[in-house]
Amino acid sequence: TGAEDTPGVFELAYDGVLFLDEITEIDPSLQAELLRVIQEREFERNGSSRKIPFRGKLLASTNRPLKESLEAESFRKDLYFRFGAYVINVPPLRDRREDIPALARHLLARKSMELKRPMREFDEATMTDLCRRDWPGNVRELENAIVAYVVRGSFRDTTAFEGESDDALSGEALYRMSYRDAKTAVLREFQRKYTDAVIAACGGNLGETARRMGLTRFGLQKILGEIKK
């Protein structure tokens, strides 16, 4: 109800560019509808019969070999031929290691800003290690590793409560504090480890982090501000 009053992505793109990610994952029935829009250059809003023109360009991506998807008939051949005239094959990171330093520095700057953390520059040994890795998950795996580096200061696994010790919170240090100060210190350390682990698991997406933690985005920002104190 009311869907006919809501513009979709084709209407929003109009004469611009519409990017369709992971196009081989689209349900075959929707692939047929997409093909119709491409051929006729017009569409209807859901729940409406009024024709709306589409004058934009379409870009699509997939991380699957197109030949395999075509042979498995999970991707329509007629739709492929609509996109197949201009295909750009992007090789995996392991085949273009010379791109890793620039990508890593770009992701480091972006994630440091998004997570409001100080930017830790890569030293030579760290960059060498990054360039030696095969990165089977390609840029997305590299991005998650950069998030871990930003929130943890290292590329170690980001499992929460992995038992690393902190001299400031050792038994000897704690018993010298008042109950209130010790409770605050322990709580702050819990907030840091738990929040860092969830942020890393969510690839730096603060909206998804807040959802997993059962918080509003404002509540998460409040905790991040407390951790930095």
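Located above this text is the structure these notes cover.
Residues numbered from 1 in each chain as written. Predicted model: local features only at pLDDT ≥ 70, side-chain atom pairs only at ≥ 80, totals over all residues. Heavy atoms only, no water.

Draft legend 1. The arrangement of the pattern of salt bridges in detail. One pass over the full model with this rule turns up 17 salt bridges. In this structure, Arg97 engages Asp134 in a salt bridge whose closest nitrogen and oxygen atoms are separated by 2.7 Å. Note that Arg97 is positioned in the loop between α4 (77-83) and α5 (100-114) and Asp134 in the loop between α6 (124-132) and α7 (138-152), a separation of 37 residues in sequence. Among the ionic pairs, Lys111 bridges to Glu114, the shortest N-O distance being 3.2 Å. With Lys111 and Glu114 both in helix α5 and three residues apart, this pair spans about one turn of that helix. (Salt bridge = Lys/Arg side-chain N within 4 Å of Asp/Glu carboxyl O. Helix = DSSP H or I, 4+ residues; strand = E, 2+ residues; numbered from the N terminus.)

Draft legend 2. Representation of the packing of aromatic side chains. Under the criterion given, the structure shown has five aromatic pairs. With 5.1 Å between their ring centres and 80 degrees between their planes, Phe10 and Phe54 make a pair best called edge-to-face. Taken together, the positions of Phe10 in helix α1 (residues 9-13) and Phe54 in the loop between β3 (51-53) and β4 (57-60) put the pair 44 residues apart, joining distant regions of the chain. The residues Phe10 and Phe54 share a single accessibility class, namely buried. (Phe/Tyr/Trp six-rings, centres within 6.5 Å; stacked < 30°, edge-to-face > 60°. Buried < 20%, exposed > 50% of the residue type's maximum accessible area, 1.4 Å probe, protein only.)

Draft legend 3. Summary view of the side chain of Lys111. What makes Lys111 buried here is its relative accessible area of 5%. Among the polar contacts made by the side chain of Lys111, one reaches the side chain of Glu114 at a distance of 3.2 Å. When neighbours within four sequence positions are excluded, Lys111 is seen to be in contact with Glu143, Ile146, Val147, Val150 and Gly203. (Polar contact = N/O pair within 3.5 Å; in protein donor to acceptor, adjacent residues only side chain to side chain. Contact = heavy atoms within 4.5 Å.)

Draft legend 4. Molecular detail of unusual backbone geometry. Even without being glycine, Glu73 reaches a positive phi, approximately 60 degrees. Inspection of the secondary structure assignment puts Glu73 in the loop between α3 (66-71) and α4. On the basis of relative accessibility, which here comes to 68%, the residue Glu73 falls in the exposed class. Here Asn138, not a glycine, exhibits a phi torsion of approximately 55 degrees, which is positive.

Draft legend 5. Geometry of the nonpolar core. Counting 28 residues, the largest nonpolar core has Leu115, Phe122, Leu130, Trp135, Leu142, Ile146 and Ile199 as the members making the most contacts within it. Going through the elements one at a time, α5, α6, α7, α9 (179-201), α10 (206-213) and α11 (217-228) are the ones with two or more residues in this core. Considering every element that reaches this core, the biggest residue donor is α7, with seven residues. Among residues more than four places away in sequence, those in contact with Leu142 are Leu93, Leu103, Ala104, Leu107, Leu130 and Trp135. (Core = buried A, V, L, I, M, F, W, Y, C linked by side-chain atoms within 4.5 Å.)

Draft legend 6. How the structure looks around α10. Residues of α10 that are buried include every one of Leu206, Thr209, Ala210 and Met213, and no others. Burial along α10 is one-sided: seen end-on, the buried residues are contained in an arc of 95 degrees. Gly214 occupies a position one or two residues after α10 and carries a positive phi of about 75 degrees. (Arc of directions from axis to C-beta.)

Draft legend 7. Examining the side chain of Ser69 more closely. If you trace the backbone, Ser69 turns up in helix α3. Residue classification places Ser69 among the buried residues on the basis of a relative accessible area of 5%.

Draft legend 8. Layout of the pairing of strand β1 (residues 17-20). Burial of β1 is one-sided: the residues Leu18 and Leu20 facing one way are buried, the residues Val17 and Phe19 facing the other way are not. Judged from the four bridges that link them, β1 and β4 form a sheet pairing that is parallel. Residue pairing across strands places Val17 opposite Lys57, the latter belonging to β4. (Pairing = 2+ DSSP bridges.)

Draft legend 9. Quick peek at the packing of α5 against α7. Where α5 contacts α7, the two axes come as close as 9 Å, and the packing angle between them is 50 degrees. Looking at the two axes, α5 sits oblique to α7. In this structure, the crossing between α5 and α7 has a hand that is right-handed. Contact residues: α5 offers Leu103, Ala104, Leu107, Leu108, Arg110, Lys111 and Ser112, while α7 offers Val139, Leu142, Glu143, Ile146, Val147, Tyr149 and Val150. A per-class count over the contact of α5 with α7 returns ten nonpolar, one polar and three charged. (Axes fitted to C-alpha atoms, helices over the stretch in contact; angles between N-to-C directions. Parallel < 35°, antiparallel > 145°, perpendicular 65-115°, else oblique. Left-handed = near helix turned anticlockwise from the far one by under 90°. Nonpolar A, V, L, I, M, F, W, Y, C, P; charged D, E, K, R; others polar.)

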